[in-house]
Amino acid sequence: MIGLADCNNFFVSCERALNPSLEGRAVVVLSNNDGCAVARSNEAKRLGVKMGQPAFQLRTLIESGQLIALSGNHLLYREISLRIHEILRHFAPSAIDYSVDEAFLDMSGIPDSALPDIGAEIVRECREKEGIPVTVGFAGTKTLCKIATETGKKRDTRVVVLSDQQEIDRILSVMPIGDLWGIGRRLTKRLYSLGVFTIGDFASRPLMWVRSRLGVNGEKSWREIHGENCIELDFKKRKLQDSISESRTFPIDIDDFDYIRARVAIYCAHVSKRLRIQGGECGKVTVFLRSNRFHTENGYEAPDGSIDFEKRVSDEPTITNAAITILTHIFRPGAFYKRAGVILSDITPARCNEPGLFEDKRQTENREKTGRLMKVIDTLNPRVGGHVVKLASQLTIGHLGHNDGYSSSFGAPLADGDSSF
Ligand SMILES: [Mg+2]
């Protein structure tokens, strides 16, 4: 059997995890530049808000207080997504992160009778640790898993196991063809015109009929519905991101080295944490600066620099120190900068803190100490940007302080215990 864990209304659920007062309210998350709704709570769906609906059409609902619209906070969503995927890995011999809010789980070797309990445990852990509601479907193929989670969401059941053929047939006979994985709006219309309205209608057509009208992908869907695995996703390799980066535009153009250094240190904290959550180590860190294209009196400047690590690292102090060394080299006094960023690359799976080939005793002690330190920091800082402790290099004194969006979007809920060392 294969499992599929799918987070419900993921972006909205992330916002609710951070701000529980949104629970039970109609909430949408808007796309970049607040253009349209990209995630909706069930309450918002019931109000009739459509996926992708432009924000201006929702103004009346928002102004009357019936609907809450939030700007997307994608750093937060990515962070929670990585943590959810990390939880899911504990429940399956192997897993594929299929999208930001879905993962397929390879359950081979696990008896069907254990699946309802495993599913319930996944749901409980994602809820308790991350505050995210998840629906889990188990079935013989990935397409049937999709149908299982879809069914669960409609019935408000969190775990659905599809193993009984009669039950599968019953579900297929009422599920609209548009809900079939991989069937877009155009194909749905075409199938309607061919008299196919439910997935059951589709399944009951002969394979030759499907092949001649929908080609090889249609055939694959048909076979999957009939229990034959033919959509291949690589279960073996756990995919790591090639690079992890973070960059931000400053609220004003700035020539203050200490300010930029503090920003770069904060980006390092975020990217190194994302690296550790993925279970990766990086071989290279890059820092870049950008001046304002539209203030050309000094010419446009876009310096960058990199450091290759002798031994791959994932800890915040080493990455931050390297990034600040780079910054010191590329920063030109007198220049005004508008943006800075940090990129980690050359990423491979972490090798359990193994010693370097030519490491001396002092280096071993330092490495072990840093490993322990990062564990403590990660435990104390449960979410990215929600700082309980931070490196002194992230601190800045002066005019801009914390007013560029970071503390307001992430730090605030956890700011009580703000301290540093
Ligand atoms: Mg989802």
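Predicted model, so just to flag it, every value in this text is computed and none were measured.

About the thresholds
Residues numbered from 1 in each chain as written. Predicted model: local features only at pLDDT ≥ 70, side-chain atom pairs only at ≥ 80, totals over all residues. Heavy atoms only, no water. 1 Å grid on protein atoms, 1.4 Å probe; cavity = no way out; pocket = protein on both sides within 12 Å on 5 of 7 lines; lining within 4 Å. Points joined across faces, edges and corners; volume = space filled by probe spheres on them. Helix = DSSP H or I, 4+ residues; strand = E, 2+ residues; numbered from the N terminus. Nonpolar A, V, L, I, M, F, W, Y, C, P; charged D, E, K, R; others polar. Axes fitted to C-alpha atoms, helices over the stretch in contact; angles between N-to-C directions. Left-handed = near helix turned anticlockwise from the far one by under 90°. Contact = heavy atoms within 4.5 Å. Parallel < 35°, antiparallel > 145°, perpendicular 65-115°, else oblique. Donors = N, O, S within 2.8 Å, 3.2 Å for Na, K, Ca; no water. Pairing = 2+ DSSP bridges. Buried < 20%, exposed > 50% of the residue type's maximum accessible area, 1.4 Å probe, protein only. Expected span 1.5 Å × (residues − 1).

(A) Quick peek at empty space enclosed by the protein. A complete count under the given rule lists two cavities of 30 Å³ or more for this structure. Empty space within the second largest cavity amounts to approximately 40 Å³. What lines the second largest cavity is Ala5, Asp6, Cys7, Ser81, Ile84, His85, Leu88, Val100, Asp101, Glu102, Ala103 and Val134. For the lining of the second largest cavity, the secondary structure elements donating two or more residues are β1 (2-7), α4 (74-89) and β6 (102-106). If one sorts the elements of the lining of the second largest cavity by residue count, α4 sits on top with four residues. Partitioned by chemical class, the residues of the lining of the second largest cavity number seven nonpolar, two polar and three charged.

(B) The arrangement of the packing of α4 against helix α5 (residues 115-130) in detail. Running from amino to carboxyl end, α4 crosses α5 at an angle of 145 degrees, the nearest separation of the two axes being 10 Å. The interaxial crossing formed by α4 with α5 has right-handed handedness. For the pair α4 and α5, the contacting residues are Ile80, Arg83, Ile84, Ile87 and Leu88 in the first and Ile122, Glu125, Cys126, Lys129 and Glu130 in the second. Of the residues in the contact of α4 with α5, the class split is six nonpolar, no polar and four charged.

(C) Broad picture of the packing of helix α8 (residues 185-193) against helix α10 (residues 207-225). Running from amino to carboxyl end, α8 crosses α10 at an angle of 135 degrees, the nearest separation of the two axes being 12 Å. For the element pair α8 / α10, the angle class is oblique. Two packed elements cross with a definite hand, and for α8 against α10 that hand is right-handed. Residues Leu187, Arg190 and Leu191 of α8 form the contact with α10, whose participating residues are Trp209, Arg213 and Leu214.

(D) Main features of the coordination of the magnesium ion. Distances from the magnesium ion to its protein donors, Asp6 (OD), Cys7 (O) and Asp101 (OD), fall within 2.1 to 2.4 Å. Ordering the donors of the magnesium ion by residue number gives the pattern D-C-x93-D.

(E) Region of interest: the sheet that holds strand β3 (residues 37-40). Read across the open sheet, the three strands follow the order β3-β2-β4; overall the sheet is mixed. Each edge of the open sheet is held by one strand with a lone partner, namely β3 and β4 (68-71). When strand polarity is set aside, the average angle formed by the axes of neighbouring strands in this sheet is 30 degrees. Lying on the sheet, helix α1 (residues 10-18) is in contact with β2 (27-30), β3 and β4; it crosses β2 at an angle near 110 degrees.

(F) Spatial organisation of unusual backbone geometry. Of note, the phi angle at Asn9 is positive, near 40 degrees, even though the residue is not glycine. Position of Asn9 relative to the elements: it lies in the loop between β1 and α1. Judged by relative accessible area, which is 18%, Asn9 ranks as buried. For Asp156, which is not glycine, the phi torsion reads 60 degrees and is therefore positive. With respect to the helices and strands, Asp156 occurs in the loop between α6 (142-155) and β8 (159-161). Taking relative accessible area as the criterion, Asp156 reaches 59% and is therefore assigned exposed.

(G) Summary view of α4. Look at α4: 23 Å from first C-alpha to last across 16 residues, which is about the 22 Å you get at 1.5 Å a residue. When you tally the buried positions in α4, you get 13 out of 16 residues, the bulk of the element.

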